[in-house]
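Descriptive analysis of the structure
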Amino acid sequence: MTANAPADEGRPARAGRSRAAGILTALLVLPAAAWYLVLLVVPLAIIFVFSFGTRATTGGYAGGFSLDNYAAVLQSPGPFITSLTLSIAGTLLCLLIGLPLAYFIATRAGKRKALFMVLLVIPFWTSFLIRTYAWLLILGPEGIAGFVGDAIGDQKFRILGTEFGVLVGLVYGYLPLMVFPLYVTLERMDRTLVEASKDLGAGRWATFRQVTLPIALPGLITGSILVFIPMMGEYVIPEILGYGQVYTIGSALVLRFLEARNWPAGSAYAAVLILIMLVTITVYLWFTNRGRQTRDVSVL
């Protein structure tokens, strides 16, 4: 009984310290949780409620419960298909361009790493609108489109007002968001692993596939998500470079919220957009994690 007494006396003290640590953790998490609740959860809940309402006589929202808004979305899926196609293509292009660029800066640039990173950041010092409008000159009749048109003998050839022109603007605008996470991941890579792979007889492609790519996977996932999500809801680039002829989900939202003042219909489009992004990102992460597990098993 005497031996157990100190242990019994220490339990209340440990419980008190644990309770104090829990309270401190809750206080530290509270500001972020409140920020998350006010700026994300509440707006999403409002949009979800509005999506089942009806348009008021003078525009806006009128209470009620109706599935007509979602039925209208299903009957005209064009904006979603266009946005999804451009977003997937833009993400893949950013990856194909950003991965070699990030690998070069992280492993081959040497003392010029800082210079290359500054060159990537410099475009962000200029307004997004100005950078987008600059592509009107580059891709316009006096630029690349005119040169290509003269070369192929088609004076009507154009890039602006097409999905390709919008895709070029998307890749240019969001490429740095793909490069930065990849660079951070590859810059921390242990170069001795690559040298060991080559010493064991693996070629460049085998080394890249079995060593470099698994190491770069966290940056690849982060960069893909950072690029894909804003591309899905992009409005400015399709309106400027697409001349308003490339009808994306961003254009549909502006049309219903601001021009038609049909908030319930716009909320339904926004809800479906959020659902598509969640499903797409979930499927992407599932395939990525599955591929990582398969590579781990093959290595073992």
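Our structure's up above, just so we're on the same page.
What you see is a predicted model; the values in this text were computed from it and never measured.

On to the pattern of salt bridges. A complete count under the given rule lists 1 salt bridge for this structure. The salt bridge partner of Glu187 is Lys113, with a shortest N-O separation of 3.6 Å. Highlighted residues: Glu187 in helix 7 (residues 163–187) and Lys113 in helix 4 (residues 113–121), separated in sequence by 74 residues. Classification of Glu187 as partly exposed rests on a relative accessible area of 37%.

What follows covers helix 2 (residues 68–75). In an α-helix, one turn spans 3.6 residues, which is why side chains three or four residues apart end up on the same side. Along helix 2, the positions that sit buried rather than exposed are Asn69, Tyr70 and Val73. Considered in projection along helix 2, the buried side chains sweep an arc of 95 degrees and stay on one side of the axis. Facing away from the buried side of helix 2, by more than 90 degrees, are the exposed residues Asp68, Leu74 and Gln75.

On to the environment of Ala268, then. With respect to the element layout, Ala268 can be found in helix 12 (residues 263–299). Judged by its relative accessible area of 0%, Ala268 is buried. Along the chain, Ala268 and Asn69 lie 199 residues apart, while their C-alpha atoms are 6.0 Å from each other. Excluding residues that lie within four positions of it along the chain, Ala268 makes contacts with Ser51, Asn69, Tyr70 and Val73.

Attention now goes to the packing of aromatic side chains. Going through the model one piece at a time under the given rule, you end up with 9 aromatic pairs. Centroid distance Phe50 to Tyr61: 4.2 Å. Interplanar angle 5 degrees. Geometry classified as stacked. Here Tyr61 lies in the loop between helix 1 (4–50) and helix 2 and Phe50 lies in helix 1, a separation of 11 residues in the sequence. You can call Tyr61 partly exposed: its relative accessible area is 29%. Ring geometry for Phe104 versus Phe116: centroids 5.6 Å apart, planes at 80 degrees, classification edge-to-face. One end of the pair, Phe104, is in helix 3 (residues 78–107); the other, Phe116, is in helix 4, with 12 residues separating them in the sequence. Against the face of Phe124 rests Arg131, its NZ or CZ located 5.4 Å from the ring centre.

Attention now goes to the side chain of Thr212. Structurally, Thr212 is set in helix 9 (residues 204–232). With a relative accessible area of 3%, Thr212 lands in the buried category. Residues contacting Thr212, with those up to four places away along its chain left out, are Tyr103, Leu186, Met189, Val194 and Thr207.

Now for a nonpolar patch on the surface. Together, Trp35, Tyr36, Leu37, Val38, Leu39, Leu40, Val41, Val42, Leu44 and Ile46 make up an exposed nonpolar region whose accessible area comes to about 930 Å². Inspection of the secondary structure puts Leu40 in helix 1. Under the relative-accessibility criterion, Leu40 is labelled partly exposed at 35%.

In this structure, the largest pocket spans a volume of roughly 240 Å³. What lines the largest pocket is simply Ile88, Thr91, Leu92, Leu95, Leu220, Ser224, Ile225, Phe228, Thr280, Ile281 and Tyr284. At the level of secondary structure, the elements contributing two or more residues to the lining of the largest pocket comprise helix 3, helix 9 and helix 12. Classifying every residue of the lining of the largest pocket gives 8 nonpolar, 3 polar and no charged. Estimates place the volume of the second largest pocket at around 200 Å³. Lining the second largest pocket we find Leu99, Pro100, Tyr103, Arg108, Val194, Lys198, Arg204, Trp205, Thr207, Phe208 and Thr212. Put simply, the parts of the chain that give the lining of the second largest pocket at least two residues each are helix 3, helix 8 (191–199) and helix 9. If one sorts the elements of the lining of the second largest pocket by residue count, helix 9 sits on top with 5 residues.

Reading the values: rules and limits
Residues numbered from 1 in each chain as written. Predicted model: local features only at pLDDT ≥ 70, side-chain atom pairs only at ≥ 80, totals over all residues. Heavy atoms only, no water. Salt bridge = Lys/Arg side-chain N within 4 Å of Asp/Glu carboxyl O. Helix = DSSP H or I, 4+ residues; strand = E, 2+ residues; numbered from the N terminus. Buried < 20%, exposed > 50% of the residue type's maximum accessible area, 1.4 Å probe, protein only. Arc of directions from axis to C-beta. Contact = heavy atoms within 4.5 Å. Phe/Tyr/Trp six-rings, centres within 6.5 Å; stacked < 30°, edge-to-face > 60°. Lys NZ or Arg CZ within 6 Å of the ring centre and 35° of its normal. Patch = residues over 30% accessible without salt bridge, like charges linked within 9 Å, V, L, I, M, F, W, Y side chains within 5 Å. Areas by Shrake-Rupley, 256 points an atom, 1.4 Å probe, with all protein chains shown as cover. 1 Å grid on protein atoms, 1.4 Å probe; cavity = no way out; pocket = protein on both sides within 12 Å on 5 of 7 lines; lining within 4 Å. Points joined across faces, edges and corners; volume = space filled by probe spheres on them. Nonpolar A, V, L, I, M, F, W, Y, C, P; charged D, E, K, R; others polar.

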